[in-house]
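# Overview (structure and organization)
One letter stands for each residue in the lines below.
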Amino acid sequence: MLETASGEGIVAGIDEAGCGPLAGPVVAAACVFLAPPDATLAGLIDDSKRLSPRRRERAFAALAEAARLRRVAFAAAAASAAEIGRLNVREATHRAMGRALARLSVVPDLVLVDGNRLPVLPVPARAIVGGDRTCLSIAAASIIAKVLRDRTMRRLAARYPAYGWDANMGYPTAAHRSALARFGATRHHRCGFAPVDLARGSAPSG
């Protein structure tokens, strides 16, 4: 584990979900393993993009149980579509990462962040390219962020069924683009993304 190899004490992994969609928030999560994970838990964790929805939910449930037993600590936070439009998706993501870190019940000595750019954080941090495939705490954070964001999009889909968010999670699929062109943009769509900006003039209420 990169966490134990660092020799830095308490190490948190941070990752995000939802940078690429046209709608919905970006969600970031921070995760710390307070004790070495057993083989069952470790075997469930991988880069969230390499897991099926069912496997992600199983891994999330196992992480939640480990958190109940105080073997894991994790927290998540979001930046809204409005915030993404006002700032940009990278800055909004970095703010979500900072909020997730602030919500952790423990203060880490080092933060490992997936990617090649670091947000401004109050503790030492290191960017790890491909960290969700090489670092267990980052992979766990990627699962937490993805599961929570997908749940949010499914809730929103019940209010805005025309856009198919329960299936596309806000990503720019052909069906989503077609719905944007037909029905316009909602307040959960992100300004600054070309298909949204083109449709903004005919937004449905709510």
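Just so it is clear, the structure is predicted and the values come from calculations on it, not from any experiment.

Our next topic: the state of the cysteines. Considering all chains together, one arrives at zero disulfides under this definition. No disulfide involves Cys135; its nearest neighbouring cysteine sulfur is the one of Cys31, lying 9.4 Å away. Cys191 takes part in no disulfide bond, and the closest cysteine sulfur, belonging to Cys19, lies 17 Å away.

Our next topic: the pairing of strand 2 (residues 26–33). With eight of eight residues buried, strand 2 lies mostly within the body of the structure. Neither face of strand 2 is open: one carries Val26, Ala28, Ala30 and Val32, the other Val27, Ala29, Cys31 and Phe33, and all of them are buried. The sheet contact formed by strand 1 (residues 11–17) and strand 2 spans six bridges and is antiparallel. Bridge assignment links Ala12 to a residue of strand 2, and that residue is Val32. As paired elements, strand 2 and strand 3 (residues 72–79) share eight bridges and run antiparallel to each other. Directly across from Ala28, in strand 3, lies its bridge partner Ala77.

Taking 1.5 Å of rise per residue, 24 residues should cover 34 Å, and helix 7 (residues 136–159) covers 36 Å from first to last C-alpha, within 8% of that figure. Taken across its 24 residues, helix 7 has 18 buried, putting it largely inside the fold.

Residues Ile14, Leu101, Leu104, Val111, Trp165 and Leu180 are the most contacted members of the largest nonpolar core, which totals 37 residues. Counting only elements with at least two residues in this core, the list comes to strand 1, strand 2, strand 3, helix 5 (89–103), strand 4 (110–114), helix 7, helix 9 (174–183) and helix 10 (194–199). When residues of this core are assigned to their parent elements, the largest contribution, five residues, is made by helix 5. The contact partners of Leu180, leaving out residues within four places of it in the chain, are Leu22, Tyr163, Ala185, His189, Pro195, Val196 and Ala199. Among the nonpolar cores identified, the runner-up in size contains 22 residues, and Cys31, Leu44, Ile45 and Leu136 belong to it.

This part is about helix 5. Its 15 residues place the ends of helix 5 21 Å apart at the C-alpha level, agreeing with the 21 Å of an ideal helix rising 1.5 Å per residue. For helix 5, the full list of buried residues reads Ala92, Thr93, His94, Ala96, Met97, Ala100 and Leu101. Against strand 1, strand 2, strand 3, helix 4 (81–86) and strand 4 lie the buried residues of helix 5.

As a further point, take the pattern of salt bridges. Under the criterion given, the structure shown has eleven salt bridges. When the shortest N-O distance is used, the salt bridge between Asp150 and Arg56 registers 3.6 Å. Taken together, the positions of Asp150 in helix 7 and Arg56 in helix 3 (residues 53–68) put the pair 94 residues apart, joining distant regions of the chain. We note a salt bridge from Glu83 to Arg99, for which the minimum N-O separation is 2.6 Å. Taken together, the residues span a long stretch of sequence, with Glu83 in helix 4 and Arg99 in helix 5 at a distance of 16 residues. Arg99 sits in the partly exposed class, given a relative accessible area of 29%.

A few words now on the sheet that holds strand 1. Strand order in this open sheet of five strands is 3-2-1-4-5, and the pairing throughout is mixed. Each having just a single partner strand, strand 3 and strand 5 (125–128) make up the two edges of the open sheet. On average, each strand axis in the sheet is tilted by 20° relative to the strand beside it, whichever way the strands run. Running at roughly 120° to strand 3, helix 3 makes contact with strand 2 and strand 3 of the sheet.

Our focus in this paragraph is the environment of Ala194. Assignment of secondary structure puts Ala194 in helix 10. Between the C-alpha atoms of Ala194 and Leu22, which are 172 residues apart in sequence, the distance is 9.0 Å.

Glancing now at unusual backbone geometry. Even without a glycine there, the phi angle at Arg70 is positive, about 60°. Within the secondary structure, Arg70 is located in the loop between helix 3 and strand 3. In this model, Met169 sits at a positive phi of 55°, which is unusual for a non-glycine residue. Looking at where Met169 falls in the secondary structure, it is placed in the loop between helix 8 (165–168) and helix 9.

Scoring rules and cut-offs
Residues numbered from 1 in each chain as written. Predicted model: local features only at pLDDT ≥ 70, side-chain atom pairs only at ≥ 80, totals over all residues. Heavy atoms only, no water. Disulfide = S-S within 2.5 Å. Buried < 20%, exposed > 50% of the residue type's maximum accessible area, 1.4 Å probe, protein only. Helix = DSSP H or I, 4+ residues; strand = E, 2+ residues; numbered from the N terminus. Pairing = 2+ DSSP bridges. Expected span 1.5 Å × (residues − 1). Core = buried A, V, L, I, M, F, W, Y, C linked by side-chain atoms within 4.5 Å. Contact = heavy atoms within 4.5 Å. Salt bridge = Lys/Arg side-chain N within 4 Å of Asp/Glu carboxyl O. Axes fitted to C-alpha atoms, helices over the stretch in contact; angles between N-to-C directions.

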